[in-house]
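Reading the structure
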Amino acid sequence: MRRIKAVIAYDGSAFEGFQRQTRTPHTVQGTIERALESLGIPGEIVGSGRTDAGVHATGQVIHFDLPAHWQHQSLAKLRQHLNRRFEAIRFKHLSPVSDSFHARYDARERIYRYLFRPEPSLFERRYVARLEIGDPGRLAEALRIFVGSHNFSFFLKTGSETAHNRRTIFRAYLLERNGYGYIYFHADGFLRAQVRMMIYAAAAVGREEMSLDELEEQLAMKKRLTTRLAPPEGLYLARVIY
């Protein structure tokens, strides 16, 4: 077998999340696996992480194994064959890696970008979130509270099963350009819906619906003040670093 690392982009509005599900064929993983099988490449793909329904990716990373009859074929040809099969997924890069490479476990840093404005246009609504943040300075202060290694159990969607809920956020910041806002999180990993829950809480601080002290209390697991999620449309898995 020959292991392949692929960098992919996808329009999350076309799928009910990344992870394969028995109740629907409309997942990123399931769609790619069916396309690979049609090319004589059976098996499971592994992603760097799972994205929820409606969440996009510009730099998701997956790996899969090529059977013997594909091992000497051009990866450029494989990429071309795959991209012909999709409307909402694009294979950006394919490269051979060692058999020990693992898209999820080898990732050192994951970067999410959240794109928003107070009132997206009709044509932006699948890709730009509608979000009011109030005072950008307060929002930026709230984002800085998340930086560091924390137990994010109070910023986790219920029903999730993980070995532990400690994650390290390296950077969290706000940029504003031409009427759009961009929130970035750089971390070693994220829990289910953690990014959207952090964004909603930070925006609540910006709108003075929550204080910085209250946000710190929730992060310290002293009091759960909000479990609401920011809309998924503006969230993108932007890059995975190995």
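Everything below is about the structure shown above.
Scope of this entry: the structure provided in the associated data block. (Residues numbered from 1 in each chain as written. Predicted model: local features only at pLDDT ≥ 70, side-chain atom pairs only at ≥ 80, totals over all residues. Heavy atoms only, no water.)

1. Some thoughts on the overall build of the protein chain
- Within the protein chain, the regular secondary structure consists of 5 helices and 10 strands.
- Here the protein chain has a C-alpha radius of gyration of 19 Å; the compact-globule value for 242 residues is 18 Å, and the two agree.
- Taking all 242 residues of the protein chain together, the buried fraction comes to 50%.
- The long-range share in the protein chain, meaning contacts at least 24 apart out of those at least 6 apart in sequence, stands at 70%. (Helix = DSSP H or I, 4+ residues; strand = E, 2+ residues; numbered from the N terminus. Rg over C-alpha atoms; globule rule 2.2 N^0.38 Å. Buried < 20%, exposed > 50% of the residue type's maximum accessible area, 1.4 Å probe, protein only. Contact = heavy atoms within 4.5 Å.)

2. As for the nonpolar core
- Formed by 72 residues in total, the largest nonpolar core has its most connected members in Ile 32, Phe 64, Leu 78, Phe 91, Phe 146, Phe 155 and Phe 185.
- Top element by residues in this core is helix H4 (residues 194-206). It accounts for 10 residues. (Core = buried A, V, L, I, M, F, W, Y, C linked by side-chain atoms within 4.5 Å.)

3. Here we look at the packing of aromatic side chains
- Considering all chains together, one arrives at 9 aromatic pairs under this definition.
- Ring centres of Phe 146 and Phe 155 lie 5.4 Å apart, and the angle between their planes is 90 degrees; on these two criteria the pair is classed as edge-to-face. Like Phe 155, Phe 146 is buried.
- Summarising the aromatic geometry, the rings of Tyr 173 and Tyr 184 are spaced 5.2 Å apart at their centres and angled 15 degrees between planes, so their arrangement reads as stacked. (Phe/Tyr/Trp six-rings, centres within 6.5 Å; stacked < 30°, edge-to-face > 60°.)

4. Notes on the pairing of strand S5 (residues 109-117)
- Counted residue by residue, S5 has 8 buried out of 9 residues, so it is predominantly covered.
- Where S5 lies against strand S10 (residues 235-241), 6 bridges are found, and the strand directions are antiparallel. From the neighbouring strand, Glu 109 faces S10, where its bridge partner is Ile 241.
- Bridging between S5 and strand S6 (residues 129-130) involves 2 bridges; their strand directions are parallel. The residue of S6 that forms the bridge with Phe 116 is Ala 129. (Pairing = 2+ DSSP bridges.)

5. Thoughts on the pattern of salt bridges
- Per the counting criterion, the structure on display carries 9 salt bridges.
- The partner of Arg 130 in a salt bridge is Glu 119, and the shortest N-O contact between them spans 3.2 Å. Of this pair, Arg 130 sits in strand S6 while Glu 119 is found in the loop between S5 and S6, placing the two residues 11 residues apart along the sequence.
- A relative accessible area of 55% places Arg 130 in the exposed class. (Salt bridge = Lys/Arg side-chain N within 4 Å of Asp/Glu carboxyl O.)

6. Here's the deal with the pairing of strand S8 (residues 166-177)
- As paired elements, strand S7 (residues 148-151) and S8 share 4 bridges and run antiparallel to each other. Bridge pairing links His 150 to Arg 167 in S8.
- Where S8 and strand S9 (residues 180-187) come together, 8 bridges link them in antiparallel fashion. Counterpart to Tyr 173 in the pairing with S9 is Tyr 184.

7. Thoughts on the environment of Ser 153
- Relative to the elements of secondary structure, Ser 153 occurs in the loop between S7 and S8.
- For Ser 153 and Gln 194, which are 41 residues apart along the polypeptide, the C-alpha to C-alpha distance reads 9.2 Å.
- Reaching out from Ser 153, the side chain makes a polar contact with the side chain of Asn 151 at a distance of 2.5 Å. (Polar contact = N/O pair within 3.5 Å; in protein donor to acceptor, adjacent residues only side chain to side chain.)

8. Digging into the side chain of Thr 24
- Mapped onto the secondary structure, Thr 24 falls in the loop between strand S1 (2-10) and helix H1 (28-38).
- Reaching out from Thr 24, the side chain makes a polar contact with the side chain of Glu 16 at a distance of 3.4 Å.
- Separated by 3.0 Å, the side chain of Thr 24 and the backbone nitrogen of His 26 make a polar contact.

9. Examining helix H5 (residues 212-219)
- By the burial criterion, the buried members of H5 are Leu 215, Gln 218 and Leu 219. On an axial view of H5, the arc spanned by its buried residues comes to 100 degrees, and they lie on one face.
- Of the surrounding elements, those touching the buried residues of H5 are helix H3 (136-145), S7 and H4.
- Within two residues after H5, Met 221 carries a phi angle of roughly 60 degrees, on the positive side. (Arc of directions from axis to C-beta.)

10. Description of the environment of Arg 177
- Checked against the element boundaries, Arg 177 lands in strand S8.
- For the pair Arg 177 and Gly 40, spaced 137 residues apart in sequence, the C-alpha separation works out to 46 Å.

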